[in-house]
Amino acid sequence: MEALIFKIRLLLLAWFHFRSHSGPISLVKHFSYKDIKKATDGFRRVVYISSKRVAYRAKFRNGHAAIVKEVRAAEDQDDTAFYREVQLLGRLHHRHIAALSGFSSGPKRFLVFEDMEKGSLKEHLSDPLKTPLNWRIRLQIAVGIAAAVEYLHFFCDPPMYHVSISSSTIMLDENFTAKLCDVSLLCSIENNIQPPKSKCSKECRDEICKHTIYQLGLLILELVTGQSSEDGGVDLVQWVQDSRLRRRSIHQMIDPDLGDSYDFRELKGLLAVAKMCVQSIHKPTIKTPQILWFLQKKLGISQGVPASSS
């Protein structure tokens, strides 16, 4: 009975927040499945596909552009868990995290996020028709994404542990500000999505943090080289682990789009952090604040990239 009362209470709270004009998530709008299907051109405008989500570019009838993600929930996930996740995602406020603007419930569930005018980071690193990213923008992306992960892990209640970091899931706005677009709760596939507290769960969280930092290392390597190991290119992890980060070795790997327009000291520092990130998967956990601190120290970037919020 208590579980049923709790479920009804959450549903009522969700309905109140979603329909009212007050509260921290008052701007989160409800869309119908028909709205989503039409806006995504029958789900043909695919932006990226991850293990848990598919993202589409959307344009609604009022001209509003957005990124729509289909939530691939577990069979036992009920509406309460989904509404709770929408509430929590709607409260995230960070310069480098895409803002939630709407949702769609039912047999298929969707999350609607702010539009990113410049598209994905992957497009700018691999598409010759896209504007190449200069060195300063690449540095700001690395520091900004690290700051976003720190915010999710240490400044959110509950912490957001599931973060997919890749050039495909990082979108760029009109100012080339990078934003994470694949964030969810660690336990969002469970009916009870409160953060786990058992010893086993702590070990699980540590492993997920390690994996997140490893992904951050891969992102830095992709920013430097313009290549992705996933695309069948050079094994970037093996290269950075074996490399002594000498000028000749680095020059052979750097993205040709950069030319000579970069600071070698900053480049070497960035690669040192990437090496630390990919090696951390086999070592005691390095916390995200340490990675952010190392990045800011080695790159001399501390202004304009908030560590915890926008």
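I will try to describe carefully the structure that is included in this document. (Residues numbered from 1 in each chain as written. Predicted model: local features only at pLDDT ≥ 70, side-chain atom pairs only at ≥ 80, totals over all residues. Heavy atoms only, no water.)

### Considerations on the layout of surface pockets
Quantified by volume, the second largest pocket comes out at close to 280 Å³. Lining the second largest pocket we find 13 residues, and of these K29, F31, D35, F60 and R61 sit closest to its centre. A total of 4 residues in the lining of the second largest pocket trace back to one element, the largest contributor, which is helix α2 (residues 33–39). Here the lining of the second largest pocket is built from residues that sort into 4 nonpolar, 3 polar and 6 charged. (1 Å grid on protein atoms, 1.4 Å probe; cavity = no way out; pocket = protein on both sides within 12 Å on 5 of 7 lines; lining within 4 Å. Points joined across faces, edges and corners; volume = space filled by probe spheres on them. Helix = DSSP H or I, 4+ residues; strand = E, 2+ residues; numbered from the N terminus. Nonpolar A, V, L, I, M, F, W, Y, C, P; charged D, E, K, R; others polar.)

### Observations concerning helix α9 (residues 264–279)
With 16 residues, α9 should reach 22 Å at 1.5 Å per residue; the first-to-last C-alpha distance of 22 Å fits that figure. Listed in full, the buried residues belonging to α9 are F264, E266, L267, G269, L270, L271, V273, A274, K275, C277 and V278. Its side-chain oxygen placed 2.8 Å from the backbone nitrogen of R265, D263 serves as the N-cap of α9. (Expected span 1.5 Å × (residues − 1). Buried < 20%, exposed > 50% of the residue type's maximum accessible area, 1.4 Å probe, protein only. Polar contact = N/O pair within 3.5 Å; in protein donor to acceptor, adjacent residues only side chain to side chain.)

### A word on the environment of Q140
Within the secondary structure layout, Q140 lies in helix α5 (residues 135–154). Owing to a relative accessible area of 38%, Q140 belongs among the partly exposed residues under this scheme. Between the C-alpha atoms of Q140 and T177, which are 37 residues apart in sequence, the distance is 8.0 Å.

### Some details on the pattern of salt bridges
Within the structure shown, the criterion is met by 7 salt bridges. Among the salt bridges present, the one from D41 reaches R44, with a minimum N-O distance of 3.1 Å. Given a relative accessible area of 33%, D41 falls into the partly exposed group. Taking relative accessible area as the criterion, R44 reaches 61% and is therefore assigned exposed. Linking D115 and R57 is a salt bridge whose minimum nitrogen-to-oxygen distance equals 3.1 Å. Of this pair, D115 sits in the loop between β6 (109–114) and β7 (119–120) while R57 is found in strand β3 (residues 53–59), placing the two residues 58 residues apart along the sequence. (Salt bridge = Lys/Arg side-chain N within 4 Å of Asp/Glu carboxyl O.)

### Let's talk about the sheet that holds β7
In space, the 3 strands of this open sheet follow the order β7-β9-β10, with antiparallel pairing throughout. Where the open sheet ends on each side, the last strands, each with one partner, are β7 and β10 (178–180). Two strands pair when backbone bridges link them, and β7 and strand β9 (residues 170–172) are joined in this way by 2 bridges, in the antiparallel orientation. Counted as the bridge partner of S120 is M171 from β9. Docked against the sheet, α5 engages β9 and β10, running at close to 30° with respect to β10. (Pairing = 2+ DSSP bridges. Contact = heavy atoms within 4.5 Å. Axes fitted to C-alpha atoms, helices over the stretch in contact; angles between N-to-C directions.)

### Section: the packing of α5 against α9
Close contact between α5 and α9 brings their axes to 12 Å; oriented N to C, the two are set at 30°. Taken together, the axis directions place α5 and α9 in an arrangement best described as roughly parallel. For the crossing formed where α5 meets α9, the hand is left-handed. Contacts between α5 and α9 involve W135, R136, L139 and A142 on the former and, on the latter, E266, L267 and L270. (Parallel < 35°, antiparallel > 145°, perpendicular 65-115°, else oblique. Left-handed = near helix turned anticlockwise from the far one by under 90°.)

### Focus: α5
Each α-helix turn comprises 3.6 residues. Residues three or four places apart therefore point the same way. With 20 residues, α5 extends 29 Å from end C-alpha to end C-alpha; this agrees with the ideal 28 Å at 1.5 Å per step. Counting buried positions along α5 gives 17 out of 20 residues, so the element sits mostly inside the fold. The distance from a side-chain oxygen at the start of α5 to the backbone nitrogen of R136 is 3.1 Å, and the residue carrying that oxygen is N134.

### Some remarks on the side chain of T288
You can see T288 is positioned in helix α10 (residues 288–299). If sequence neighbours within four positions are ignored, T288 has contacts with A146, V149, E150, H153, F154 and I213.

### Some remarks on the sheet that holds strand β4 (residues 65–71)
Here 6 strands make up an open sheet; going across it, the order is β1-β5-β6-β4-β3-β2 and the pairing mixed. Edge positions in the sheet fall to β1 (29–30) and β2 (46–49), since each has one partner strand and no second. Inspection of the sheet shows β1 paired to strand β5 (residues 100–104) by 2 bridges, in the parallel sense. Pairing of H30 across the sheet is with F103, part of β5. Across the face of the sheet, helix α3 (residues 79–90) comes into contact with β3, β4, β5 and β6 while running at roughly 170° to β5.

### Some thoughts on the packing of α9 against α10
Running from N to C, α9 and α10 cross one another at 165°; their axes reach a closest spacing of 9 Å. Considered as vectors, α9 and α10 are oriented roughly antiparallel to each other. Of the two possible hands of crossing, α9 and α10 adopt the one that is right-handed. Residues R265, E266, G269, L270, A272, V273, M276 and C277 of α9 touch α10, and the partners they reach there are I291, F294, L295, K298 and L299. Considered class by class, the residues forming the contact of α9 with α10 number 9 nonpolar, 1 polar and 3 charged.

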